[in-house]
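Here are the chains, one letter per residue:
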Protein chains: 2
Amino acid sequence: MNVVVLDLEGVLVPEIWIAFAEAAGIPELRRTTRDEPDYDKLMKYRLKILSDRGVKLADIQSVVSKMKPLDGAREFYSRLKSKTRVVILSDTFEEFAHPLMAQLDYPTIFCHNLIVSDSGEITGYKLRLSDQKRVTVETLKKLNFKVIASGDSYNDLSMLRAADKAVLFRPSEKFARENSDLPAAYEYTELALQLEIYMKE
Amino acid sequence: MNVVVLDLEGVLVPEIWIAFAEAAGIPELRRTTRDEPDYDKLMKYRLKILSDRGVKLADIQSVVSKMKPLDGAREFYSRLKSKTRVVILSDTFEEFAHPLMAQLDYPTIFCHNLIVSDSGEITGYKLRLSDQKRVTVETLKKLNFKVIASGDSYNDLSMLRAADKAVLFRPSEKFARENSDLPAAYEYTELALQLEIYMKE
């Protein structure tokens, strides 16, 4: 029995921090794990900026609720879940993702939580599980699933490598070159086709 | 972070074997784990009847595709998944359940597979994992989820007991009495309310 695990940002929806940085006019928030590989440092940097500017969770949610899944993502996901079970493995926060999840009709998503004060300030974050993408894939394999993964970037690598089969989706040229043993898809039709080939193997 | 795990038959949809027994006029197929607690014996008995009568997978799927989820199940499930992640844990077979899953807009379901010959006869079955309901709950707890379970009967007991919180749904009087430390719900509104109380705890 197959399970397909998908990264969220870059695969089904745009990068949430970057979209917020643009909408709110705070270019410092465009910093990502590519610029600062230490995730805890990056998050503390982001939360300090939000705090300095008095940005509350509701402000970010308001921006996210105006975001849309990537063109074609809804149809891709909807078709995929009719063929197998799909779990989204994301390092985003439930509180950010929720408005976008609504637009995908609430997929099963495994992610993390923010710590929010009574007055709505984001005071911290709580990783549900460290390296959860890899650990979840390994766990699903122990539950006797064949795990097929798709992701776009470095934070997906351990998940892609732990899976039985993996497809890169819209990787950077560098990421594709470094993982040239894995097929890469650039359109949802290609991705769906490759996943279905693996599902039937 | 919460995850709600739900039994399928009796909680969201009718008992598939019983519905098929009635539709096909084969009362012997009404036998359940209550009559034959040895699941492998029960399945071999069922498969022999199907074989003797020349019933193919397509015949059963045709009946299942005319079945409906229980009254109110669709709305209950749809509302629940907007509030948390939901995984269906069922000992049914993917090949049977698929037409009913379509009517629930394809929830994430962990179940088992049938072995089907090229000509469509059901020649056997393959449990994906033995005691999967309990094992899956224990696994989700290790992934740092708070697991809230609901089921209606004896084959749910290990899952209900392994979960952090559990609610019986439409249990028999005997099952409710034997598990009187667990709350029992008889309507979806009650079940939703109890699950939401546990989600917020």
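The sections below set out a description of the structure shown in this document. (Residues numbered from 1 in each chain as written. Chains lettered and ligands numbered in written order. Predicted model: local features only at pLDDT ≥ 70, side-chain atom pairs only at ≥ 80, totals over all residues. Heavy atoms only, no water.)

In this section: the overall build of chain A. In terms of helices and strands, chain A carries nine helices and seven strands. In summary, chain A has a C-alpha radius of gyration of 17 Å against a globular reference of 17 Å for 201 residues, a match within 12%. Referenced to the eigenvectors of the C-alpha coordinate spread, the extents of chain A come out at roughly 50 × 30 × 30 Å. Every one of the 201 residues in chain A was classed for burial, and the buried ones make up 54%. (Helix = DSSP H or I, 4+ residues; strand = E, 2+ residues; numbered from the N terminus. Rg over C-alpha atoms; globule rule 2.2 N^0.38 Å. Buried < 20%, exposed > 50% of the residue type's maximum accessible area, 1.4 Å probe, protein only.)

Between the two copies, chain B and chain A, the superposition gives an RMSD of 0.0 Å; the rotation angle is 180 degrees and the shift along the axis is 0.0 Å. The symmetry that links the two subunits is that of a two-fold axis. (Least-squares fit on C-alpha atoms with pLDDT ≥ 70 in both.)

Another point: the packing of helix 1 (residues 16-24) of chain B against helix 3 (residues 57-64) of chain B. Residues and elements named next belong to chain B. Axis separation between helix 1 and helix 3 bottoms out at 10 Å; the angle between their running directions is 100 degrees. The pairing of helix 1 with helix 3 is recorded here as roughly perpendicular in orientation. Within the contact between the two elements, helix 1 uses I16, A19, F20 and A23 and helix 3 uses D59, I60, V63 and V64. Partitioned by chemical class, the residues of the contact of helix 1 with helix 3 number seven nonpolar, no polar and one charged. (Axes fitted to C-alpha atoms, helices over the stretch in contact; angles between N-to-C directions. Parallel < 35°, antiparallel > 145°, perpendicular 65-115°, else oblique. Contact = heavy atoms within 4.5 Å. Nonpolar A, V, L, I, M, F, W, Y, C, P; charged D, E, K, R; others polar.)

On to the environment of K66 of chain A, then. Residues and elements named next belong to chain A. In this fold, K66 is placed in helix 3 (residues 57-66). Sequence separation between K66 and S82 is 16 residues; the distance between their C-alpha atoms is 27 Å. A distance of 3.2 Å separates the side chain of K66 from the side chain of S62, its partner in a polar contact. (Polar contact = N/O pair within 3.5 Å; in protein donor to acceptor, adjacent residues only side chain to side chain.)

Once that is clear, we can look at the interface of chain B and chain A. The partner chain A presents 26 residues to the 26 residues of chain B that form the contact. Across the chain B to chain A interface the summed buried area is about 2400 Å²; carbon plus sulfur atoms make up 58%. Its largest share of buried area at the contact with chain A, chain B owes to M1, R128 and L143 of chain B, together 26% of the area lost on that side. On inspection of chain B and its partner chain A, the count reaches four salt bridges. At the junction of chain B and chain A, the tally comes to 13 residue pairs in polar contact (both at pLDDT 80 or more). Elements with a contribution of two residues or more to the side of chain B that touches chain A: strand 2 (85-93), helix 5 (94-103), strand 3 (108-116) and helix 6 (132-142) of chain B. Broken down by element, the residue count for the side of chain B that touches chain A peaks at six residues, all from strand 3 of chain B. Across the side of chain B that touches chain A, the residue classes tally to 12 nonpolar, eight polar and six charged. (Buried area = accessible area lost by both parts, 1.4 Å probe. Salt bridge = Lys/Arg side-chain N within 4 Å of Asp/Glu carboxyl O.)

All names here are of chain A. Of all five residues in strand 1 (residues 2-6), five are buried; the element is thus mostly enclosed. Alternating residues of strand 1 divide into N2, V4 and L6 and V3 and V5, and every residue in both groups is buried. Here strand 1 runs beside strand 5 (residues 146-151); their pairing, made up of five bridges, is parallel. Counted as the bridge partner of V3 is V147 from strand 5. (Pairing = 2+ DSSP bridges.)

Treat this as a map of the structure, not an account of what it does.
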